[in-house]
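Per-entry structural report
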Amino acid sequence: MNLRKFLIPILSLFFIAFSCKDDDDGDILVAEIRDSQEVSDENDEEILTYLDTHFFNYEDFDFADASNPANDEFIIVLDTISAINGTQDKTPISNYFNQADGVYPRLEVKVVDIGDDVDYNLYTLKIREGDGDSINPLDLAAVLYEGMILDGTVFDSQVSIGVGQPFSLTAVGTAGGVVSGFREGIIEFKTSTGYTENGDGSLVYNGHGIGTVIMPSGLGYFASPASTVIAQYNPLIFNLRVISRSNTDYDLDGVPSHIEHPDGDITGEEDNIDGDLLVNFIDNDDDGDGVLTRDEVQQKEYEDDGTNQFMTKAEAKAYFTANAAADEIFISIEAELDGTYTLHTLVVPSTMVNGVSVPNYLNSDITIELE
Ligand SMILES: [Ca+2]
Ligand SMILES: [Ca+2]
Ligand SMILES: [Ca+2]
Ligand SMILES: [Ca+2]
């Protein structure tokens, strides 16, 4: 299963609006889409109540040593605090608000703006942030997850990285994309550091981010649920294990998208250097100087250290660390079919402008074309 079928079908909003007929006189009744702010406020109340009345299986996780390999097999289980099922002495999730820096578990709330003038509260329960790489909203991400509504009914889950992964985190609400709350939750975590193979062919990921994200319907499916389990305006919960990330390069200029937008947003002047209609990560000439970005940088690849082929990712990474030029940045390490690895880098020449080093592909005064 994957999230592709849980996209926000924008067109269906219009379909719903015209699909209800009045049997009496044949007039078309328009099923009104509710006000986003009103629903957001209502959802926030529901979520806060949930956080006060639910706990997770914190006794199964070693918080004293988060990197303990035993934690790599931890699966989050959420349940209701109640006398009936004998869990009235459990600690509610809401207790983990306002933890001191670095103390886990921790419950965080961030305000997400999706451009409709509503401030959506997204709640993230971090059990372990993750020991691997940070994730940028423009990345692809591979994630294990379980999606449910507040009463605990599961509408989707993925327990192994397979078909449909990794997700494009950028393509919100379009083919291959995810709901915006899913993306905004994922980027709060870091990836695994690797994996170990069990004898039976299954994998255990190591050091991955583990947690739960709870979102109002405005960051989920709002009025157009993509599953019969989900009602209109239902908040959503995703239990997450964040496994890996990979680069995108939507404008094929050789510069990975996450480097073109290190802060992940596309709202600042720095996100559209030449001020045209295209933000940097979809603009093949970022500074508008007539020289394509791919000609102002130089893509390089290494298959060996000068003598021996790279037989592990670690070898290729170590070679980069020891040998990269000052203006050379790491792009990726690619596994080849013959079991070796290829290191991809990018040379990004820069020029000092008012005491600041600016890449030439972002500086229209410099038009040097590289080989
Ligand atoms: Ca690019
Ligand atoms: Ca531009
Ligand atoms: Ca240029
Ligand atoms: Ca330039």
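Quantities reported herein were computed from a predicted structural model and do not represent experimental measurements.

Focus on the coordination of the calcium ion (ligand 3)
At the metal site, the calcium ion (ligand 3) is ligated by Asp285 (OD), Asp287 (OD), Asp289 (OD), Val291 (O) and Glu296 (OE), and these contacts range over 2.2 to 2.4 Å. All donors of the calcium ion (ligand 3) belong to a single chain; written as a sequence motif, their spacing is D-x1-D-x1-D-x1-V-x4-E. Taken as a pair, the calcium ion (ligand 3) and the calcium ion (ligand 4) lie 4.1 Å from each other and share aspartate 287 as a ligand. Of this pair, aspartate 285 sits in the loop between α4 (257–260) and α5 (293–296) while glutamate 296 sits in helix α5; the two residues are 11 residues apart in sequence, bridging distant segments of the chain. Just as aspartate 285 is buried, glutamate 296 falls in that class too.

Quick word on the coordination of the calcium ion (ligand 1)
Looking at the calcium ion (ligand 1), the protein donor atoms are Asp249 (OD), Asp251 (OD), Asp253 (OD), Val255 (O) and Glu260 (OE), and they sit 2.1 to 2.4 Å from it. One chain supplies every donor to the calcium ion (ligand 1), and in sequence these donors are spaced D-x1-D-x1-D-x1-V-x4-E.

Examining the domain arrangement of the protein chain
If you check the domain split of the protein chain, you get domain 1 (3–246) and domain 2 (257–362). Centre-to-centre separation of domain 1 and domain 2, based on C-alpha positions: 32 Å. Every contact between the two is made by 6 residues of domain 1 and, on the other side, 6 residues of domain 2. It is Asn136, Leu138 and Arg245 that lose the most area in domain 1 upon contact with domain 2, and together they represent 79% of the buried surface on that side. At the junction of domain 1 and domain 2, the tally comes to 0 salt bridges. Linking domain 1 to domain 2 there are 2 residue pairs in polar contact (both at pLDDT 80 or more). The residue inventory of the side of domain 1 that touches domain 2, partitioned by class, reads 2 nonpolar, 2 polar and 2 charged.

Considerations on helix α2 (residues 36–53)
The end-to-end C-alpha separation of α2 is 26 Å, in line with the 26 Å expected for 18 residues at 1.5 Å each. Looking only at α2, the buried set comprises Val39, Ser40, Asn43, Asp44, Ile47, Tyr50 and Leu51. One side of α2 holds all its buried residues, which, seen down the axis, span an arc of 140 degrees. Each element contacted by the buried residues of α2 is listed here: β3 (54–56), β4 (78–80), β5 (106–113), β6 (119–128), β12 (209–215) and β13 (236–246).

Things to note about helix α6 (residues 313–323)
Among all positions of α6, only Ala316, Tyr319 and Phe320 are buried. The arc that holds the buried residues of α6, viewed along the axis, is 100 degrees, so those residues lie on one side. With respect to the buried face of α6, the exposed residues turned more than 90 degrees away are Ala314, Thr321 and Ala322. Contacts from the buried residues of α6 go to β14 (298–302), β15 (328–335) and β16 (341–347).

Here's the deal with the environment of tyrosine 250
Assignment of secondary structure puts tyrosine 250 in the loop between β13 and α4. A relative accessible area of 38% places tyrosine 250 in the partly exposed class. As for tyrosine 250 and tyrosine 123, which are separated by 127 residues in sequence, their C-alpha atoms are 30 Å apart. Tyrosine 250 has contacts with Leu138, Ser168, Thr170, Ser257, Phe281 and Ile282, leaving out every residue within four places of it along the chain. There is a polar contact of 3.3 Å between the side chain of tyrosine 250 and the side chain of serine 168. For tyrosine 250, the side chain forms a polar contact with the side chain of threonine 170, separated by 3.3 Å.

Analysis parameters
Residues numbered from 1 in each chain as written. Chains lettered and ligands numbered in written order. Predicted model: local features only at pLDDT ≥ 70, side-chain atom pairs only at ≥ 80, totals over all residues. Heavy atoms only, no water. Donors = N, O, S within 2.8 Å, 3.2 Å for Na, K, Ca; no water. Helix = DSSP H or I, 4+ residues; strand = E, 2+ residues; numbered from the N terminus. Buried < 20%, exposed > 50% of the residue type's maximum accessible area, 1.4 Å probe, protein only. Domains from an automatic or database assignment. Contact = heavy atoms within 4.5 Å. Buried area = accessible area lost by both parts, 1.4 Å probe. Salt bridge = Lys/Arg side-chain N within 4 Å of Asp/Glu carboxyl O. Polar contact = N/O pair within 3.5 Å; in protein donor to acceptor, adjacent residues only side chain to side chain. Nonpolar A, V, L, I, M, F, W, Y, C, P; charged D, E, K, R; others polar. Expected span 1.5 Å × (residues − 1). Arc of directions from axis to C-beta.

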